[in-house]
Amino acid sequence: MSDTNSKKLLDAIKQKGKNLEAEMSFFEHLEVLRWHLIRAAIAVFVFMALAFVFYDFIFDDLIMGPLRTDFWTYRMMCLMADRFSLGPDFCVTEIPINLINTELAGQFTLQINSSLLIGVMVGFPYMLYEIWRFVKPALSDIERKSARGFVFFASMLFAIGVLFGYYIISALSVNFLGNFQVSNEVTNQITITSYLSSIATISLGSGIVFELPIIIFILSKIGVMTPQFMRATRRYAFIVILVIAAIVTPTPDVITMLAVTFPLLLLYEISIIVSENVQKRKLKKEKEFFNS
């Protein structure tokens, strides 16, 4: 065998070895990810089981809360109406909604689904922690330091978003839609599934929307988003936010609409600050690198 053929054979063997090593590394990463997902699923299942056991409190106080006139949001609206002379219409005195069940296993399914939703919401911080544990080994020391507090801040923003969606958006939507009638001949007979779906979608959706600063931080780190672009599109973002607020709170009350608009605008401005800080750190590192 010639030297050329021997060299080609050795190169082929080395390349095959590299491919096998890469494949093993890929499957090892899949195995690690699988266990992170399993632990996250177990945590959600545990919280789901706890919610199932203490379901009386969850159903009576949490799920049915926005249907009662003594709900915290409605009490605050009545106090504001008295203090600032906003008129009797601003104070919620009645929510004419009658919940019904139209399926044989509907109420049992309701308890399972709502317990699962509670499990996901409460277990969300631990799910983020498992994601962080999976991603952390692939980061450099500098990236780990810059992303320190990711689980805490993401969990805090999610919790604030869920509470905002539940106490503000859900309450305002239930109040408006419950009192809206095209005719006195039509009464609101709402299925419990439709009601729960609306409350859950609004609450979870708000929690995800409030993750905007975290998303902007990640996009800014990889260079997709810049503060200059966000400032240039601020007017368009303002219009989009107003449209979202108008859809969520289709009511003529300006105060109600502003209650939804202001936090979303605040989130956008915070996201600009986050993106600007990321850019400043990048420029500082680049300057130190070229001056060294």
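Quick look at the structure, then. Residue numbers run consecutively from 1 along every chain, following the written order of its sequence. Under the rules for a predicted model, residues below a pLDDT of 70 receive no local features and side-chain atom pairs below 80 are neither given nor counted, while totals for whole chains, interfaces and linings still include all residues. The side-chain numbers reported here are obtained from all heavy atoms of the structure, hydrogens and water having been left aside.

What about the packing of aromatic side chains?
The way to describe two aromatic rings as a pair is by their centre distance and the angle between their planes.
Turning to step 1, where the next piece is worked out: Aromatic pairing here means that ring centres of Phe, Tyr or Trp (its six-membered ring) are within 6.5 Å. Orientation follows from the plane angle: under 30 degrees is stacked, over 60 is edge-to-face, and everything else is tilted. Summed over the entire model, instances satisfying the criterion amount to 11 aromatic pairs.
Turning to step 2, where the next piece is worked out: Here Phe71 and Tyr167 contribute two aromatic rings whose centre-to-centre distance is 5.4 Å and whose plane-to-plane angle is 10 degrees, an arrangement assigned as stacked. Linking Phe71 in the loop between α2 (55-63) and α3 (72-84) with Tyr167 in helix α6 (residues 150-179), this pair joins segments that are 96 residues apart in sequence.
Turning to step 3, where the next piece is worked out: The rule is simple: take the accessible area with a 1.4 Å probe, protein chains only, and divide by the maximum for that residue type; under 20% is buried, over 50% is exposed, in between is partly exposed. A relative accessible area of 8% means that Phe71 is categorised as buried.
Turning to step 4, where the next piece is worked out: For Tyr167, a relative accessible area of 27% gives the class partly exposed.
Turning to step 5, where the next piece is worked out: Three or more aromatic residues joined by ring pairs make a cluster, and in this case those are Phe71, Trp72, Tyr74, Tyr166 and Tyr167. The helix count covers DSSP runs of H or I at least four residues long, the strand count covers runs of E at least two residues long, and both are numbered beginning at the N terminus.

Re the environment of Ile199
Turning to step 1, where the next piece is worked out: Within the secondary structure layout, Ile199 lies in helix α7 (residues 192-209).
Turning to step 2, where the next piece is worked out: When its relative accessible area of 9% is taken as the criterion, Ile199 is described as buried.
Turning to step 3, where the next piece is worked out: C-alpha of Ile199 to C-alpha of Val174: the two residues are 25 residues apart in sequence and 8.7 Å apart in space.

Section: the packing of α6 against α7
Turning to step 1, where the next piece is worked out: In contact at an axis separation of 7 Å, α6 and α7 are set at 140 degrees when each is read in the N-to-C sense. The pairing of α6 with α7 is recorded here as oblique in orientation. α6 and α7 meet at a crossing whose hand is right-handed. Contact residues: α6 offers Leu157, Phe158, Gly161, Val162, Gly165, Tyr166, Ile169, Ser170, Ser173 and Val174, while α7 offers Tyr195, Ile199, Ile202, Ser203, Leu204, Ser206, Gly207 and Ile208.
Turning to step 2, where the next piece is worked out: Each residue receives one of three labels: charged for Asp, Glu, Lys and Arg, nonpolar for Ala, Val, Leu, Ile, Met, Phe, Trp, Tyr, Cys and Pro, and polar for the others, Gly being one of them. Looking at the contact of α6 with α7 residue by residue, the class counts come to 11 nonpolar, seven polar and no charged. Between N-to-C directions, angles span 0 to 180 degrees; the directions come from axes that are lines fitted to C-alpha atoms, helices contributing only their stretch in contact. Note on angle classes: values under 35 degrees are labelled roughly parallel, values over 145 roughly antiparallel, values of 65 to 115 roughly perpendicular, and the remainder oblique. Each crossing is labelled by how the near helix is turned from the far one, with a counterclockwise turn of less than a right angle marking it left-handed and a clockwise turn marking it right-handed. Residues count as neighbours in contact if any of their non-hydrogen atoms are within 4.5 Å of one another.

Section: the pattern of salt bridges
Turning to step 1, where the next piece is worked out: One side-chain nitrogen of Lys or Arg within 4 Å of one carboxyl oxygen of Asp or Glu is enough to make a salt bridge. All chains considered together, the criterion is met by five salt bridges.
Turning to step 2, where the next piece is worked out: Measuring nitrogen to oxygen at the nearest pair gives 3.0 Å for the salt bridge that ties Glu276 to Arg231. Taken together, the positions of Glu276 in helix α11 (residues 254-291) and Arg231 in helix α9 (residues 227-232) put the pair 45 residues apart, joining distant regions of the chain.
Turning to step 3, where the next piece is worked out: The partly exposed category is assigned to Glu276, whose relative accessible area is 24%.
Turning to step 4, where the next piece is worked out: Assessed through its relative accessible area of 35%, Arg231 is described here as partly exposed.
Turning to step 5, where the next piece is worked out: Overlapping salt bridges, with partners in common, bring together Arg39, Glu130 and Arg133 in one network.

Description of the layout of surface pockets
Turning to step 1, where the next piece is worked out: Empty space within the second largest pocket amounts to approximately 470 Å³.
Turning to step 2, where the next piece is worked out: Cavities and pockets were defined on a 1 Å grid built from protein atoms only: a cavity is a group of points that admits a 1.4 Å probe but offers it no way out, a pocket is an open group of points flanked by protein on both sides within 12 Å along at least five of seven lines, and a lining residue is one with an atom within 4 Å of any such point. Lining the second largest pocket are 19 residues; nearest its centre among them are Leu62, Ile118, Met121, Val162 and Tyr166.
Turning to step 3, where the next piece is worked out: For the lining of the second largest pocket, the leading source of residues is α6, giving seven residues. Grid points are joined across faces, edges and corners, and a volume is the space filled by probe spheres set on the points.

Points about the side chain of Asn175
Turning to step 1, where the next piece is worked out: In this structure, Asn175 sits in helix α6.
Turning to step 2, where the next piece is worked out: Excluding residues that lie within four positions of it along the chain, Asn175 makes contacts with Tyr74, Val92 and Glu94.

Notes on the nonpolar core
Turning to step 1, where the next piece is worked out: Remark: nonpolar core denotes a set of buried residues (Ala, Val, Leu, Ile, Met, Phe, Trp, Tyr, Cys) joined through side-chain atoms within 4.5 Å. Core analysis: the largest hydrophobic core is formed by 32 residues, its most contacted members being Ile63, Tyr74, Met77, Ile95, Val174, Tyr195 and Val260.
Turning to step 2, where the next piece is worked out: At seven residues, the largest contribution of residues to this core is made by α6.
Turning to step 3, where the next piece is worked out: Non-local contacts of Tyr74, meaning those with residues more than four positions away in its chain, are made with Pro66, Arg68, Thr69, Val92, Ile95, Ala171, Val174 and Asn175.
Turning to step 4, where the next piece is worked out: Listed in part, the 11 residues of the second largest apolar core include Phe124, Leu128, Trp132 and Ile214.

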